[in-house]
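What follows is each chain in one-letter form.
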Amino acid sequence: MELPELTILGRQIKNEIVGKQISEVEVANPKCLNMSFEQFQKTVIGKAVKSVESRGKWLFIKLDSDHVIVFNPGMGADVIHFEPGDKLPEKYQIKLTLHDKTGFTIRVWWFCYLHLMPKNKLGEHKLTAKLGITPLDKKFTLEFFKQLLSKRRGNIKNFLVDQKNIAGIGNVYIQDILFNAKLHPKRKISSFAKTDIEALYKSIKSALKESIQLGGLAYEKDFYGNKGGYGKQQFKIAYKPGSPCPTCQTTIQKIKTGSTSSFICPNCQRLNT
Ligand SMILES: [Zn+2]
């Protein structure tokens, strides 16, 4: 789950739960909490939801007690809404029920964070305090992006997936973002021309916006269990090793970039220009 999925999920959760009181919580994997389950339960039960916001890969659910539930789905999670009488998913680790008996379950693929912070201490929450700007933020202008990249060492892929620089891009969207900007993932930021930065800025915004319009990734579910429309057909080179590049027909390669894999067209995305 990356920015588009979390943006969509955040909007849908907001529409369903704001103004409602939390009446019951279940957490089968207390390791995802930053306190004991008993303490978590005691703090959230009876509190109403004031707002829901997403930032990068994180959701912030503000309560009227001035506490904030801070959620991150890790590799991914099915966060699914339910109405009274609905059949619940077979497997889930977290369930949150509201006073009107609606609520949602969370089935985590790998791990997740379900933290609770006092609002005035959110700045001390290590995992989110240093989160960078999201590319959908009004402040994320071309000028801002240029500033962000100036004097940076290192390669562009590492920079973009580091959530401290920009929040919300992971190993899925990065692939076509770099392809569309004709940049090799290992290109040094210091080697960028002005036109590279402009192309990259445009590419980041358009890939994320397109996915949000299509409902997010095709293999992820939204709050109502619907899969998104952004899949193989939208991917240009991502997860298509051995296929021809849509621009020049060169065979798409899968390469190692640090601990992650990247997909590139070796002709369109040259390391040395
Ligand atoms: Zn190509």
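To be clear, the structure that these remarks concern was listed above.
These numbers were taken from a predicted model, which means no experiment stands behind them. (Residues numbered from 1 in each chain as written. Predicted model: local features only at pLDDT ≥ 70, side-chain atom pairs only at ≥ 80, totals over all residues. Heavy atoms only, no water.)

### Some remarks on the overall build of the protein chain
For step 1, the next point in the chain: On a plain count of helices and strands, the protein chain comes out with seven helices and ten strands.
For step 2, the next point in the chain: The C-alpha atoms of the protein chain give 20 Å as radius of gyration, which agrees with the globular expectation for 273 residues (19 Å, within 12%).
For step 3, the next point in the chain: Summarising its shape, the C-alpha atoms of the protein chain cover approximately 60 × 40 × 30 Å along the three principal directions.
For step 4, the next point in the chain: The buried share among the 273 residues of the protein chain stands at 50%.
For step 5, the next point in the chain: Taking the contacts inside the protein chain whose residues are at least 6 apart along the sequence as the reference set, 62% of them involve residues at least 24 apart.
For step 6, the next point in the chain: Entry remark: accessible area of the protein chain is about 13600 Å², with carbon and sulfur atoms responsible for 50%.
For step 7, the next point in the chain: Across the protein chain, the centroid of the 43 positively charged side chains sits 9 Å from that of the 24 negatively charged ones. (Helix = DSSP H or I, 4+ residues; strand = E, 2+ residues; numbered from the N terminus. Rg over C-alpha atoms; globule rule 2.2 N^0.38 Å. Buried < 20%, exposed > 50% of the residue type's maximum accessible area, 1.4 Å probe, protein only. Contact = heavy atoms within 4.5 Å. Areas by Shrake-Rupley, 256 points an atom, 1.4 Å probe, with all protein chains shown as cover. Lys, Arg positive; Asp, Glu negative; His and termini not counted. Charge placed at Lys NZ, Arg CZ, Asp CG, Glu CD.)

### Observations regarding the coordination of the zinc ion
For step 1, the next point in the chain: At the metal site, the zinc ion is ligated by Cys245 (SG), Cys248 (SG), Cys265 (SG) and Cys268 (SG), and these contacts range over 2.2 to 2.4 Å.
For step 2, the next point in the chain: Coordination of the zinc ion draws on donor residues from a single chain, spaced C-x2-C-x16-C-x2-C in sequence. A residue pair is termed long-range when its members are at least 10 positions apart, and Cys248 in the loop between helix 7 (194–213) and strand 9 (253–257) and Cys268 in the segment after strand 10 (260–264) qualify at 20 residues.
For step 3, the next point in the chain: The exposure class assigned to Cys248 is partly exposed, which follows from its relative accessible area of 26%. (Donors = N, O, S within 2.8 Å, 3.2 Å for Na, K, Ca; no water.)

### Section: the sheet that holds strand 5 (residues 77–82)
For step 1, the next point in the chain: With respect to topology, four strands assemble into an open sheet ordered 1-6-7-5, the strand pairing being antiparallel. Each having just a single partner strand, strand 1 (22–27) and strand 5 make up the two edges of the open sheet. Strand-to-strand twist in this sheet, taken as the mean axis angle between neighbours without regard to direction, amounts to 10°.
For step 2, the next point in the chain: Sheet topology note: the strand 1/strand 6 (residues 94–98) ladder contains five bridges and is antiparallel. Following the sheet pairing, Ile22 is matched in strand 6 by Leu98. (Pairing = 2+ DSSP bridges. Axes fitted to C-alpha atoms, helices over the stretch in contact; angles between N-to-C directions.)

### Structural notes on the pattern of salt bridges
For step 1, the next point in the chain: This model, assessed by the stated rule, comprises eight salt bridges.
For step 2, the next point in the chain: Measuring nitrogen to oxygen at the nearest pair gives 2.9 Å for the salt bridge that ties Asp100 to Lys20. Of the two residues, Asp100 sits in the loop between strand 6 and strand 7 (103–108) while Lys20 sits in the loop between helix 1 (3–17) and strand 1, which places them 80 residues apart along the sequence.
For step 3, the next point in the chain: According to the relative accessible area criterion, Asp100 is partly exposed, its value standing at 28%.
For step 4, the next point in the chain: Judged by relative accessible area, which is 16%, Lys20 ranks as buried.
For step 5, the next point in the chain: Here Arg107 and Asp78 are joined by a salt bridge, their closest N and O atoms 3.1 Å apart. Of the two residues, Arg107 is situated in strand 7 and Asp78 in strand 5; the sequence distance between them amounts to 29 residues. (Salt bridge = Lys/Arg side-chain N within 4 Å of Asp/Glu carboxyl O.)

### A short note on the state of the cysteines
For step 1, the next point in the chain: Within the structure shown, the criterion is met by zero disulfides.
For step 2, the next point in the chain: Cysteine Cys112 is unpaired, with the sulfur of Cys32 as its nearest cysteine sulfur at 4.1 Å. (Disulfide = S-S within 2.5 Å.)

### So, the pairing of strand 7
If a strand is regular, its side chains alternate between the two faces of the sheet.
For step 1, the next point in the chain: Burial analysis of strand 7 places five of its six residues in the buried class, which makes it a mostly covered element.
For step 2, the next point in the chain: Relative to strand 7, strand 5 runs antiparallel, the two sharing six bridges. When the sheet's bridge partners are listed, Ile80 is paired in strand 7 with Thr105.
For step 3, the next point in the chain: For strand 6 and strand 7, the ladder comprises four bridges, and the chain directions are antiparallel.

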